[in-house]
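Okay, here's what each chain looks like letter by letter:
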Amino acid sequence: KVEQSGKSNKSNLNLKQARVVEVLSNNKCIVNYLGKNIEAIISGRLKQIGHHTRTIIAVGDKININLDTNRIEEILPRENTLSRFTEDSFQREIIIATNIDQVVITSSFAYPDYTIGLIDRYLCAAAINNITPVICVNKFDLAVPIQLEDFDYYKKIGIKVLFTSIKDGTGIKELKEILKDKDTVFSGNSGVGKSSIINYLQPGLNLRVAEVSDYNKKGIHTTTSTKIIFWNFGGSLIDTPGIKTFTLHNKHKEFIPGIFPGFNELRKYCKFNNCTRTHEIECAVKIAVENGDYPIEHYESYLRIMASL
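Residues numbered from 1 in each chain as written. Predicted model: local features only at pLDDT ≥ 70, side-chain atom pairs only at ≥ 80, totals over all residues. Heavy atoms only, no water.

Participant: Talk me through the overall build of the chain; I want residue IDs and the actual numbers.
Facilitator: Across its full length, the chain carries 10 helices and 14 strands. When the 309 residues of the chain are sorted by exposure, 50% land in the buried category. Taking as baseline every contact in the chain between residues at least 6 positions apart, the subset at least 24 positions apart corresponds to 63%. Element-wise, carbon and sulfur atoms account for 48% of the exposed surface of the chain, whose accessible area totals about 15500 Å². (Helix = DSSP H or I, 4+ residues; strand = E, 2+ residues; numbered from the N terminus. Buried < 20%, exposed > 50% of the residue type's maximum accessible area, 1.4 Å probe, protein only. Contact = heavy atoms within 4.5 Å. Areas by Shrake-Rupley, 256 points an atom, 1.4 Å probe, with all protein chains shown as cover.)

Participant: Explain the packing of helix 5 (residues 172-179) against helix 6 (residues 194-201) to me, and be specific about the residues and the numbers.
Facilitator: Interhelical geometry of helix 5 versus helix 6 gives an angle of 85 degrees and a closest axis separation of 11 Å. The orientation of helix 5 with respect to helix 6, classified from their angle, is roughly perpendicular. Across the interface between the two elements, I172, L175, K176 and L179 from helix 5 touch I197, Y200 and L201 from helix 6. Along the lines of polarity and charge, the residues of the contact of helix 5 with helix 6 split into 6 nonpolar, no polar and 1 charged. (Axes fitted to C-alpha atoms, helices over the stretch in contact; angles between N-to-C directions. Parallel < 35°, antiparallel > 145°, perpendicular 65-115°, else oblique. Nonpolar A, V, L, I, M, F, W, Y, C, P; charged D, E, K, R; others polar.)

Participant: Give me helix 2 (residues 116-128): which residues, what numbers.
Facilitator: Given a rise of 1.5 Å per residue, 13 residues ought to cover 18 Å, and the 18 Å separating the end C-alpha atoms of helix 2 matches this to within 8%. Restricting attention to buried positions, one finds in helix 2 the residues I116, G117, L118, I119, D120, R121, Y122, L123, C124, A125 and A126. Two residues or fewer after helix 2 comes N130, characterised by a positive phi angle close to 55 degrees. (Expected span 1.5 Å × (residues − 1).)

Participant: Pulling in residues and values, what's your account of the environment of S43?
Facilitator: As for its position among the elements, S43 is in the loop between strand 4 (36-42) and helix 1 (44-47). For the pair S43 and K28, spaced 15 residues apart in the sequence, the C-alpha separation amounts to 9.7 Å. Separated by 3.5 Å, the side chains of S43 and E73 make a polar contact. (Polar contact = N/O pair within 3.5 Å; in protein donor to acceptor, adjacent residues only side chain to side chain.)

Participant: I'd like a description of the nonpolar core, backed by residues and values.
Facilitator: With 51 residues, the main nonpolar core has L82, I135, F151, Y154, F246, I256 and Y294 as its most contacted residues. Broken down by element, the residue count for this core peaks at 8 residues, all from helix 2. Not counting the four nearest positions on each side in its chain, L82 is found in contact with I95, I96, A97, I100, V103, A125, I131, V185 and F246. Residues V104, I178, L179 and I197 belong to the second largest nonpolar core, which totals 16 residues. (Core = buried A, V, L, I, M, F, W, Y, C linked by side-chain atoms within 4.5 Å.)

Participant: Go over the state of the cysteines, please, and point to the residues and values.
Facilitator: Inspection of the entire model under this criterion finds 0 disulfides. With no disulfide of its own, C283 has C275 as its nearest cysteine by sulfur position, at a separation of 3.7 Å. Of the residues examined, C283 reaches a relative accessible area of 1% and is grouped as buried. (Disulfide = S-S within 2.5 Å.)

Participant: Any details on helix 5? Residues and values, ideally.
Facilitator: Buried within helix 5 are the following residues: I172, L175, I178 and L179. Each buried residue of helix 5 lies within a common arc of 115 degrees when the element is viewed along its axis, so the set occupies one face. Away from its buried face, by an angle of more than 90 degrees, helix 5 presents the exposed residues K173 and E177. Within two residues after helix 5, D181 carries a phi angle of roughly 65 degrees, on the positive side. (Arc of directions from axis to C-beta.)

Participant: I'd like a description of the pattern of salt bridges, backed by residues and values.
Facilitator: When their charged atoms lie close together, side chains carrying opposite charge are able to pair. If you walk through the whole model with that rule in mind, you get 8 salt bridges. As a salt-bridge pair, K227 and E22 come within 3.9 Å of each other at their nearest N and O atoms. Here the residue K227 occupies a position in strand 13 (residues 227-230), and E22 occupies one in strand 2 (residues 14-23), the gap between them amounting to 205 residues. K227 gets classed as partly exposed once you look at its relative accessible area, which sits at 32%. (Salt bridge = Lys/Arg side-chain N within 4 Å of Asp/Glu carboxyl O.)

Structure (structure tokens):
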């Protein structure tokens, strides 16, 4: 929310820098300028620029706006982008958020159960885009001891893991400290309690929450659009609708063997520099799995990701 002027290439207009907090349509969005939300339209010139995404502009974008007309004239270069991709052959990009410091990968111990594979996909995307990941597993009051062990390896390799519960406030204070003065995106399955955590952190927001489906115990979508919420304790949150799958792009396949959680320290011991960690002999990762030094469930998650790409 810092004021900054800019000059557009179009008619030398005097512009002000703002940030997109919600996308309403392909040509309308809400931007925040000096703490005030303004409905803006996107310049027709920008619509003509070729994009590989479904939308021209995304939540988190920093833009230059002409306040005389409330028209966005420029989208500034993105520091980073967290995206998922459609599962069809075209693999269209769906931008979740841009210009963020960290992603809180939100899961729950039950209703719905956490999925190691989904968490690993998020961790890969975070590594590729140079975004700090935090794993937040909610509904700690429903956890059983064996489940806690599933997250020991993430902790061992230096990934921040939080267990939270709004029933008794477990982990909420620590989560608040992590969020303070950072631009954060909350993402994960539907029904894991993202909105409940947000309401707990900042009473008065009154985000809509819902119970999981009685029929299939899956989460029900309560957040229907991506938007930025500014914390009263500093920083901002990009709240996103829950998703069922998080698909990486085929072009990422070459990076996965190097950045998959826990592989970085092992890769230097592989016989081949271009080892894919799947079929090669003298692969340090495969040897670690066989010796019980690398969790087999994470290796199987890796194999599923590679096969999907």
